[in-house]
Amino acid sequence: MTAAARLAALDSLPADDLCQMAEIALAALVDIMNQETVLLRTGHIKQASTLTPDKTRLAQDYVGFARAVQRQGDRLRAEAPKAIERLKQGHESLATQMAENLRVLATARTVTEDLLTDVAQIVGQQNKAKTYGRAGAVATDPASSARGIAVNRSM
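Per chain, residue numbering runs from 1 following the sequence as it is written. Where totals are concerned, whole chains, interfaces and linings use all residues; where local detail is concerned, this predicted model gives features only for residues with pLDDT of at least 70, and gives and counts side-chain atom pairs only at 80 or more. In computing side-chain values, all of the structure's heavy atoms are included and hydrogens and water are not.

## Regarding the overall build of the protein chain
Secondary structure counts use DSSP, requiring at least four H or I residues in a row for a helix and at least two E residues in a row for a strand, with both numbered from the N terminus. Across its full length, the protein chain holds six helices and zero strands. Counting from the amino terminus, the protein chain carries its helices and strands in the arrangement α-α-α-α-α-α. Throughout this description, buried means an accessible area under 20% of the type-specific maximum (1.4 Å probe, protein chains only), exposed means over 50%, and partly exposed covers the range between. Within the protein chain, the proportion of its 155 residues that are buried is 23%. What makes two residues a contact is simply this: any of their non-hydrogen atoms within 4.5 Å. Residue pairs at least 24 apart in sequence account for 71% of intrachain contacts in the protein chain once pairs closer than 6 positions are excluded. Here the protein chain has roughly 11000 Å² of accessible surface; of this, 58% comes from carbon and sulfur atoms. In this description, accessible areas are obtained by the Shrake-Rupley approach with a 1.4 Å probe, and a residue is regarded as covered only by the protein chains that are shown.

## Some remarks on the nonpolar core
Nonpolar cores were defined as sets of buried Ala, Val, Leu, Ile, Met, Phe, Trp, Tyr and Cys residues, with membership established by side-chain atoms within 4.5 Å. In terms of nonpolar packing, the biggest core is built from 23 residues, with Leu 18, Leu 29, Val 69, Leu 76, Leu 87 and Leu 94 touching the most fellow members. Among the secondary structure elements, those contributing two or more residues to this core are helix H2 (15-41), helix H4 (52-71) and helix H6 (81-124). Among the elements that line this core, the one with the most residues is H2, at ten residues. With residues near it in sequence (within four places) discarded, Leu 29 still touches Lys 55, Leu 58, Ala 59, Tyr 62 and Leu 94.

These results come straight from atomic positions and should not be treated as a statement about function.
Structure, rendered in structure tokens:
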């Protein structure tokens, strides 16, 4: 099926059906974003990243339905005003969930940057010799070199 045929099929759906399909896609997108936010907030970044393909697909589905709703706006407002109102409320829920998700992502990014900065500073603070040895070179003690880096993998 071509893109034009898919658009025509969406545009020809009864008003209630189109709105219901958009609502289902919207609810699924809000749900998966909520799951991702909860996982990120609790530090389960790897688990959250496994949701990305589904979140992407759901977002694409929702955008397709939202565009169809926009194209058919006048008809839908006349034929299904209650469904349009539910979609508006659902869209507000999506906007709220997206804002929370972005806030959590920004926090995770800041924590990661702070952690990497702290590790770099600690590694850079190796004990350095302040005097020259007998051979005229800086005396180095192999035990004073970097002792390793500990990484908390739960983040």
